[in-house]
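# Close look at the chain arrangement
Listed below are the residues making up each chain.
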Amino acid sequence: MKTLTTFDPTDADFLRDPYPALAELRREGPLVWHQPWSMWLATDHATVGAVLKNRAFGRLWHDWEPVEEMESFNALHRNQLMENEPPAHTRMRRLLAGAFGRGHVERMRPRIEALAADMVAALPDTFDVLADYAEPMPVYVICDLLGVPREDHEDLRRWSQAIVHMYETDVDEDTKREAVEASTAFSDYVREVIAMRRREPGEDLVSDLIAETDAGKGFSDDELVATVVLLLNAGHEASVNTFGNGFHALLTHRDQLARVTSGEVSIETALEELIRFDAPLQLFERTATKDVEVAGQVVTAGQKVACLMGSANRDAAVFEDADTFDVGRDPNPHVGFGLGIHFCLGAPLARLELGITLSTLLDRFPDLLLAGEAPRRPTWVLRGYESIRVSA
């Protein structure tokens, strides 16, 4: 067993730039044991893929303790598809995929285009591309998709951030308390939305899910609440960090920015590199449901594997000049949306939204410059910036 003890995602230098340390991990081996976490680290592209696609590994939810105090947080996770395995996962994903498949994503295109145009037209010559554009945009989009009022976006963003802070590797009591409060408020809000859509159905995803539920072939009430919260969280948290990390890379690689603004490289191709180069989600965790061999190592039942997505996306065995930001990289088999049965169901919407958001901003401001250093958030699993100030 290859054992590693020096990997520290809370270190300030690591948070600023984790990729040299992740490269060291890959040199240690494709699967190394991390004693402080008592789990395996999958470090390269092949091993991350092997774990995520192997049905011997599952996403197994365990309630946070104390259970009674954490119930509102636990309930949101125990009842949503991302934290479940078949057959519950299969049932919930089929229902959600069916709702998505009714044209909701493509119907969002003109709304996103109009929204992006309006927001960009209102931007001054100097602004925070996150706070003034990238953060509200995906919240508005997912609100429209779900039939939720846009004006509630600040509450939704705040609740979402409090919940996702629980996914980091160092969770303190304040974080737990804030997550419980946010989960309670978020659940109450969603139940009100569901009640409203039961009275007044619309052309939105929530109305479709309610119709399935009320016909007796859909979600339970608790599953419906958890699913809507999941969509609101996943629909904007990852999008903000993907846009921020990728756009910052463009601004600090002017030659690559020019390839996009000149039309040499399409937005669609460039977008995949923005997702790959600085992963907004750095870790997926899986648990072995039985003894299984991976990368020549037996992972025993009950042991956990942390799939290091950002490390997989910098694997030189798959990506030529992997540490080079190349907007024309094609093919680009990054793992930004996951793999296997938990592959991101919202990937088509994310690509549509990010592509429109990026192209609209660059059409209006093709020569944006950073207006000072962009501070990082003090988190690694969900990697992003606090702010990115720019000037035309």
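Please read these numbers as outputs of a predicted model, since none were measured by experiment.

### Let's talk about the overall build of the protein chain
Regarding its fold elements, the protein chain presents 16 helices and 11 strands. For the protein chain, the C-alpha radius of gyration of 21 Å lies close to 21 Å, the compact-globule estimate for 392 residues. For the protein chain, the C-alpha atoms occupy an extent of roughly 60 × 55 × 40 Å along the three principal directions. Here the protein chain holds 392 residues, and the buried ones make up 56% of them. For the protein chain, the share of sequence-separated contacts (at least 6 apart) that also reach a separation of at least 24 residues comes to 71%. For the protein chain, the accessible surface area stands at approximately 16,500 Å², while carbon and sulfur atoms represent 50% of it. If the 39 positive side-chain charges of the protein chain are averaged to one point and the 65 negative ones to another, these points end up 4 Å apart.

### Observations regarding the confidence of the model for the protein chain
Per-residue confidence for the protein chain gives a mean pLDDT of 91; residues scoring 70 or more make up 98%. Across the protein chain, element-level confidence peaks in helix α15 (residues 309–312) with a mean pLDDT of 98 and bottoms out in strand β1 (residues 3–4) with 62.

### Notes on helix α9 (residues 153–164)
Compared with an ideal rise of 1.5 Å per residue, which puts 12 residues at 16 Å, α9 spans 16 Å between its outermost C-alpha atoms and is within 8% of the ideal. All buried positions along α9 are accounted for by H153, L156, R157, W159, S160, A162, I163 and V164. Summarising the contacts, the buried residues of α9 are in contact with α4 (71–78), α8 (136–146), α10 (173–199) and α12 (221–251).

### Examining the pairing of strand β9 (residues 304–308)
Here β9 lies mainly inside the structure; 4 of its 5 residues are buried. In the sheet, strand β3 (residues 39–42) pairs with β9 via 3 bridges, with the strands oriented parallel. In the sheet register, A42 faces β9, and the bridge partner there is C307. Relative to β9, strand β6 (residues 283–288) runs antiparallel, the two being bridged by 5 bridges. Within β9, the residue paired with E285 across the bridge is A306.

### Observations concerning the packing of aromatic side chains
Tallied over the entire structure, the rule returns 11 aromatic pairs. Between W64 and F73, the ring centres sit 6.5 Å apart and the planes meet at 85 degrees, which makes this aromatic pair edge-to-face. Given the relative accessible area of 27%, W64 is considered partly exposed. Given the relative accessible area of 1%, F73 is considered buried. Look at F277 and F325: their rings are 5.0 Å apart centre to centre, the planes differ by 55 degrees, and that puts the pair in the tilted class.

About the thresholds
- Residues numbered from 1 in each chain as written.
- Predicted model: local features only at pLDDT ≥ 70, side-chain atom pairs only at ≥ 80, totals over all residues.
- Heavy atoms only, no water.
- Helix = DSSP H or I, 4+ residues; strand = E, 2+ residues; numbered from the N terminus.
- Rg over C-alpha atoms; globule rule 2.2 N^0.38 Å.
- Buried < 20%, exposed > 50% of the residue type's maximum accessible area, 1.4 Å probe, protein only.
- Contact = heavy atoms within 4.5 Å.
- Areas by Shrake-Rupley, 256 points an atom, 1.4 Å probe, with all protein chains shown as cover.
- Lys, Arg positive; Asp, Glu negative; His and termini not counted.
- Charge placed at Lys NZ, Arg CZ, Asp CG, Glu CD.
- pLDDT = per-residue confidence, 0-100.
- Expected span 1.5 Å × (residues − 1).
- Pairing = 2+ DSSP bridges.
- Phe/Tyr/Trp six-rings, centres within 6.5 Å; stacked < 30°, edge-to-face > 60°.

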